[in-house]
Every structure is written in C-alpha cells, then in structure tokens.
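# Observations on the model geometry
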Amino acid sequence: MSSDDNSSAPASRSSREAVREKALQVQAQQSRARVLRRSALIAGLVAAVAVVAVVVMWAIGSTAGRPQLSPANTTADGFVITDVSGLAPAQAEMTDPGAATPDATTEGEANPTPTATDAPAAVDIQVYVDYLSPGAREWQLANSAQLASWVGEGAVALRYHPVSMMTAKSNGTKYSLRAAGAAACVATYEPATFFTFHTSLLTQQPEIDSDGISDAKLADLAIASGAEDPKQIRACVEDEAFTSWVKSATERAVSGITGTNLALTGTPMVIVNGQQYVGDLADAAEFSQFVLTSASGAYQKSQSATPTATPSPTP
C-alpha cells in the first residue's frame, strides 16, 4: 500500500511541472505576439509619417518650382492699351467705325478757340473683365471698334484688368483663372497683341459650366494673335505662370479699386473717369454718350479750377 503511494507522487509532480512548463511556453508566445504587434504598430506610424513628409516635400517642391511671378507692364493691376494695330478686320466691323470721338468741347462752349491749356486730358477707361462672363463678351464686342478708334486717336487711356470671379463655373478646370493668366502672359511678353488676344478670348468665349479652353489652345490663340516669340508665350501660358498674381489682383479689386470709392462685385465693371457705367452693355451709342459726358464734365471742372488773371481797371 505504501509503495503505491510513493509511486504516484513522482507522477503527480511530473504532471504539475509539465503544466507549469506549458503555461510558461504560452506566456512566452503571448509576450512575443505583443512585441510583434507593438513593432508593427510603430513601423506603421513611422511609414505614415514618412508618407506625410514626402507629400509635404513634394508640395513645397512644386511651389518652389512654380515661382509667384508678377506680370510686367501693369498699372494698378491693369494693362494699358497703347497699340490696337492688330485688331482683326472682323472685329473692327462689329460696331460703327464712325463713332464719335470723346471731345471735351462737345457739350461745352461752341467753337472754342484752341489753346495749349485747352487740350483735354485723355478719358480714363478701366475695364474689369472675367473671360467667362457673358456680359463682358457683350460689352467688348459692342464697343471694340470705337475703343480701338479712341485709343488710336489718343482720346482715351484704356486699361484692362483681367480677374477671376467665375473660376468655379468651369467643371473644376478653373478656366476664368487660366484665361486671365494667359492674358497676363500676352500683356507681359507681347503687349502690342493684347487687345487682339483679349477680344479673341471673348469672341470665342466657352459656355458657363463647360470645361472651357485648355492651356494648349489658349497658347494657340495667343500665338495666332500675332506673337513674335511663340515659344515664350506657350511656355508662359501652359505653365500658368501668372495665375497666382491673378488671384491676388482679384482679391485686391474686391477689397477696393485704387483711386475710386468702388469695389469689384462682378464683371464687366467699366469705370470712366472714376464713375461706373451702368447702362446697356450692348448699346455702343449709350456708352459713347456716357464717355462724352464724362469727358465734358472733367474738362469743365479742370477749366473752372484754372485761375484766371484779374482784369485791371480801364483808365
């Protein structure tokens, strides 16, 4: 009986040791699994940080690769038109070429004696234009011929301000912004062809909520307007070199237009000697009368401000 008890004791100890060893093995496996999970988590975090760093560096590199350029030949974020020789014949026939020339004496004194001090200053005309705006197209096509005539005669100082008020209206292609940037390219590198290119952009204006015109075709249109250096113009337009400037210029105009108490709220916005034109966009005669009236008012104001000699009494 005692021998049976002695033989069962080692077996019991052996069983307990086996269970203990098994438990230790399970515990070691669980510990290794925890270490592996922790390592995998750390590796995932490191990889995510690396991806974010790569994206940030790529964005910085892209920005650095496309410098924030400003166009040349600007005056208060606008482009002064001094050459309209490239106006296409079809464009010149859009309105009556015999439109009246702004003359400060039209509504002033009849048959004044011309003197050096009587010469009126050129009428200042500023035009804020979004190349996707139907109203901008309507106004330009109605007035392009008489504008060209006035500029050619030195009667007006015409300045265009390309802006991007309708960037969201072209299926995500940002046509308004790209077209205005292309106009800035032409004004910088081919200023003599700006008026022609500007009018062509509005003549071939795409529909609202369409994709608009691609950069490549904008460059084609700019070159067809008479560019002497097609390679430079294409590079500028297709690289969208001045789109950042257009954004900034638009924001400045919305905040307030220099030299006036006006702010840009929509396009076209036409300002003549500081006064906004609010007449019929398609009526060239009405706009011409507005310009004539403005010219006369400015002339008479300047005349009234000119001091005259006090006549001496007759002996």
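Here the structure is a predicted model, which is why all the values come from computation and not from measurement. (Residues numbered from 1 in each chain as written. Predicted model: local features only at pLDDT ≥ 70, side-chain atom pairs only at ≥ 80, totals over all residues. Heavy atoms only, no water.)

As summarised here, the arrangement of the 6 strands in space is β1-β2-β4-β3-β5-β6, forming an open sheet in which the pairing is mixed. Bordering the open sheet on either side are β1 (74-75) and β6 (275-276), each of which pairs with just one other strand. As paired elements, strand β2 (residues 78-81) and strand β4 (residues 156-162) share 3 bridges and run antiparallel to each other. Bridged to Phe79 within β4 is Tyr160. Packed onto the sheet, helix α3 (residues 134-153) meets β2, β3 (123-129), β4 and β5 (269-272) and runs at close to 150 degrees relative to β4. (Pairing = 2+ DSSP bridges. Helix = DSSP H or I, 4+ residues; strand = E, 2+ residues; numbered from the N terminus. Contact = heavy atoms within 4.5 Å. Axes fitted to C-alpha atoms, helices over the stretch in contact; angles between N-to-C directions.)

The next subject is α3. Two residues of an α-helix separated by three or four positions point the same way, owing to the 3.6 residues in each turn. Taking 1.5 Å of rise per residue, the 20 residues of α3 would be expected to cover 28 Å, and the 29 Å separating its terminal C-alpha atoms lies within 8% of that figure. The largest bend in α3 comes to about 55 degrees, at Asn143. Of all the 20 residues making up α3, 14 are buried; the element is thus mostly covered by neighbouring parts of the structure. At the C-terminal side of α3, Gly154 shows a positive phi close to 75 degrees. (Expected span 1.5 Å × (residues − 1). Bend = angle between axes of the 7 residues up to and from the residue. Buried < 20%, exposed > 50% of the residue type's maximum accessible area, 1.4 Å probe, protein only.)

Across the protein, the average pLDDT comes to 80, with 71% of residues at 70 or higher. Contacts for the low-pLDDT stretch residues 105-117, under 50 throughout, to residues beyond four places or in other chains number 10 contacts. (pLDDT = per-residue confidence, 0-100.)

Attention now moves to the pattern of salt bridges. Scanning the entire structure with this criterion turns up 5 salt bridges. Where Arg159 meets Asp124, a salt bridge forms, and the shortest distance between an N and an O atom there is 3.5 Å. With Arg159 in strand β4 and Asp124 in strand β3, this residue pair connects regions lying 35 residues apart in the sequence. Among the ionic pairs, Asp215 bridges to Arg178, the shortest N-O distance being 2.8 Å. One end of the pair, Asp215, is in helix α6 (residues 215-224); the other, Arg178, is in helix α4 (residues 175-189), and 37 residues separate them in sequence. You can call Asp215 buried: its relative accessible area is 14%. Of the residues examined, Arg178 reaches a relative accessible area of 9% and is grouped as buried. Taken together, the shared-partner salt bridges connect Asp220, Arg234 and Glu238 into one network. (Salt bridge = Lys/Arg side-chain N within 4 Å of Asp/Glu carboxyl O.)

What follows deals with the packing of aromatic side chains. With the rule as written, the count across this model stands at 8 aromatic pairs. Ring geometry for Tyr160 and Phe194: centres 6.1 Å apart, planes at 45 degrees, overall tilted. Of this pair, Tyr160 sits in strand β4 while Phe194 sits in helix α5 (residues 194-203), and the two are 34 residues apart along the sequence. The pair Tyr160 / Phe194 is uniform in exposure class, with both members buried. Given a relative accessible area of 0%, Tyr160 falls into the buried group. Site record: aromatic cluster; members linked through ring pairs are Phe79, Tyr160, Phe194, Phe195 and Trp245. (Phe/Tyr/Trp six-rings, centres within 6.5 Å; stacked < 30°, edge-to-face > 60°.)

Relative to β2, β1 runs antiparallel, the two sharing 2 bridges. Within β2, the residue paired with Thr75 across the bridge is Gly78. In sequence, β1 turns back onto β2 through a hairpin of 2 residues, with Ala76 there showing a positive phi of about 50 degrees.

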